[in-house]
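The lines below spell out each chain.
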2 protein chains.
Amino acid sequence: MKQTRNTAAKTEILKLINHSPVALSHAEIQSALNGLCDRVTIYRVLERLITEDEVHKVVNLEGVVKYASCHSCSSEEKHIHTHNHAHFSCEKCKEITCLEDIEPSFKVPKNYQINEMNFTLSGICPNCR
Amino acid sequence: MKQTRNTAAKTEILKLINHSPVALSHAEIQSALNGLCDRVTIYRVLERLITEDEVHKVVNLEGVVKYASCHSCSSEEKHIHTHNHAHFSCEKCKEITCLEDIEPSFKVPKNYQINEMNFTLSGICPNCR
DNA sequence: AAAATAACGCAACATTGTTGCAAATACAAA
DNA sequence: TTTGTATTTGCAACAATGTTGCGTTATTTT
């Protein structure tokens, strides 16, 4: 197993994501970092944070990739880490928030092996009404 | 209201999507068309087909945008057209299929106005097992 | 047939994401 | 503290995807 190191970039990016109530895009992280590190480094740090289960990736209805913290996921079960909670994508402010307490139920179709799910609702968030 | 015309490109693209059991990406459509029209035209035709409710857009877990036909959506209710059915995204063959008969249920959170949903399950499809 | 308008092709550009490689650095061990 | 080494970084270059402007072509209406 490859050892992973703590660097300024990683610390700052994780802090940003953890302190944000909404999921952040790569572009948003980059401009928030204000030139702290290279564009490419951000991609690589995000990749690392995902494999370390510190962060998860969400895609909104338009296909924009965003990153959110995993503070809702208990650390004890990180080895079976999944992100099977719903997300909300606001059509107005384009923000993505985690809806932790909504657990959708559905009938599993035969012959399909389900490993992950992406359940994103979109519309207008409380702030934009 | 802007008038819309039937062109060779539009006819062929719609035929492709309607005859495909899986959702198609822009790249897949382009190579299937074999140079019938320009890359940009495909984007514009797809846009048109979406506003005409002939086609809908799906995004898989990796953020790849695909297009699927709307034959499952009854034409009478096109003015209240939504695509609230689930999709399945195979991790192996990367194909997206519509799971028409799965209607997920969930508790609607307060203060959120929900207009659309994207419910994508991913894993291994019957063909890849 | 002429006028109006929708669709197209092309070129140019923007954004997002990836890869290779040499230089910088974090961190454990001496 | 210094040293050794694997990890991380920056840079440059590239690929894929999507958008826009504009002059030309095609379709529809009158």
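Our structure's up above, just so we're on the same page.
Residue numbers restart at each chain and count upward from 1, following the sequence in its written direction. As a convention, the first chain written is A and the first ligand written is 1, with the rest following in written order. Reporting in this predicted model follows two pLDDT cut-offs: at least 70 for local features of residues, and 80 or more for side-chain atom pairs to be given and counted; totals over whole chains, interfaces and linings ignore these cut-offs and use all residues. To obtain the side-chain values, all non-hydrogen atoms of the structure were used and water was disregarded.

(A) How the structure looks around the sheet that holds strand β2 (residues 55-59) of chain B. All names here are of chain B. Being paired, for any two strands, means DSSP has found at least two bridges between them. Per the convention used, a helix needs a DSSP run of H or I reaching at least four residues, while a strand needs a run of E reaching at least two, with both numbered from the N terminus. Here three strands make up an open sheet; going across it, the order is β1-β3-β2 and the pairing antiparallel. Of all the strands in the sheet, the pair left with one neighbour each is β1 (24-25) and β2. A contact between two residues is defined here by any heavy atoms of the two lying within 4.5 Å. For helices, the fitted axis covers only the stretch in contact; all axes are lines through C-alpha atoms, and the angles between them, taken along N-to-C directions, range from 0 to 180 degrees. Together, β1, β2 and β3 (65-69) form the strand contacts of helix α1 (residues 8-19), whose direction differs from that of β3 by roughly 85°.

(B) Local environment of the side chain of A:Ser69. Mapped onto the elements, A:Ser69 comes out in strand β3 (residues 65-69). In this view, A:Ser69 contacts A:Ile17, A:Asn18, A:Glu54 and A:His56; residues no more than four positions away in its chain are not counted.

(C) Highlighting the nonpolar core. Here, nonpolar core refers to any group of buried Ala, Val, Leu, Ile, Met, Phe, Trp, Tyr and Cys residues whose side-chain atoms link them within 4.5 Å. Here's how the labels work: a residue is buried when its accessible area is under 20% of the maximum for its type, exposed when over 50%, partly exposed in between, all with a 1.4 Å probe on protein chains only. Counting 21 residues, the largest nonpolar core has A:Phe119, B:Phe88 and B:Phe119 as the members making the most contacts within it. If you list the elements that add at least two residues to this core, you get β4 (86-90) and β6 (113-124) of chain A together with β4 (86-90) and β6 (113-124) of chain B.

(D) Focus on the packing of helix α1 (residues 8-19) of chain A against helix α2 (residues 26-33) of chain A. All names here are of chain A. At a minimum axis separation of 11 Å, α1 and α2 run at an interaxial angle of 115°. The interaxial crossing formed by α1 with α2 has right-handed handedness. From α1, Glu12, Ile13, Leu16 and Ile17 reach across to α2, where they touch Ile29, Ala32 and Leu33. Of the residues assigned to the contact of α1 with α2, the class counts are six nonpolar, no polar and one charged. In this scheme the crossing of two helices becomes right-handed for a clockwise turn of the near helix relative to the far one and left-handed for an anticlockwise turn of less than a right angle. Three classes are used: nonpolar for Ala, Val, Leu, Ile, Met, Phe, Trp, Tyr, Cys and Pro, charged for Asp, Glu, Lys and Arg, and polar for all others, with Gly counted as polar.

(E) A look at the protein's contact with DNA strand C. Around DNA strand C, the structure places 23 residues, and the nearest of them are A:Arg5, B:Arg5, B:Thr41, B:Arg44 and B:Arg48. Note on terminology: near, applied to a residue and a molecule or strand, indicates that one of the residue's heavy atoms is within 4 Å of it. Close to the protein, within 4 Å, the atoms of DNA strand C are drawn from sugar and phosphate at a rate of 62%. In protein, a polar contact means a hydrogen-donor-capable atom and an acceptor-capable atom, both N or O and within 3.5 Å, with residues adjacent in sequence counting only if both atoms are side-chain atoms; elsewhere, any N or O pair within 3.5 Å suffices. At 3.5 Å, a backbone N or O of B:Gln3 approaches a sugar or linking oxygen of DNA strand C. Between DNA strand C and B:Thr41, the relevant distance is 2.3 Å, taken from a phosphate oxygen to a side-chain nitrogen or oxygen of the residue. It is helix α3 (residues 39-51) of chain B that provides the largest number of residues to the surface near DNA strand C, a total of five residues. Among the residues making up the surface near DNA strand C, the classes are represented as nine nonpolar, six polar and eight charged.

(F) Just the interface of chain B and chain A, in detail. Contact with chain B, which involves 34 residues of that partner, is made by 34 residues of chain A. In short, buried area is how much 1.4 Å probe accessible area vanishes from two parts on joining, totalled over both. Contact between chain B and chain A buries roughly 3,000 Å² in total, counting both sides, with carbon and sulfur atoms accounting for 58%. Taken as a group, B:Tyr112, B:Gln113 and B:Asn118 account for 18% of the area that chain B buries against chain A, more than any other trio of residues on that side. One side-chain nitrogen of Lys or Arg within 4 Å of one carboxyl oxygen of Asp or Glu is enough to make a salt bridge. The interface formed by chain B and chain A contains zero salt bridges. Connecting chain B to chain A are two residue pairs in polar contact (both at pLDDT 80 or more). Elements with a contribution of two residues or more to the side of chain B that touches chain A: β5 (96-99) and β6 of chain B. Residues of the side of chain B that touches chain A, tallied by class, amount to 17 nonpolar, eleven polar and six charged.

(G) Quick look at the relation of the copies chain B and chain A. The atoms used to superpose the copies are C-alpha atoms, taken from residues with pLDDT of at least 70 in both, and the fit is least squares. Expressed as a screw operation, the relation of chain B to chain A combines 0.0 Å of axial shift with a rotation of 179°, fitting to an RMSD of 0.1 Å. Overall, the copies show the geometry of a two-fold rotation axis. Mapped onto chain A, 100% of the interface residues of chain B are again interface residues, and the two copies thus contact each other with one and the same surface.

(H) Region of interest: the pairing of strand β2 (residues 55-59) of chain A. Residues and elements named next belong to chain A. Burial of β2 is extensive: four of the five residues sit out of reach of the surface. In the sheet, β2 pairs with β3 via five bridges, with the strands oriented antiparallel. When the sheet's bridge partners are listed, valine 55 is paired in β3 with serine 69. The hairpin formed by β2 and β3 contains five residues between the paired strands, and glycine 63 there has a positive phi angle of roughly 90°.

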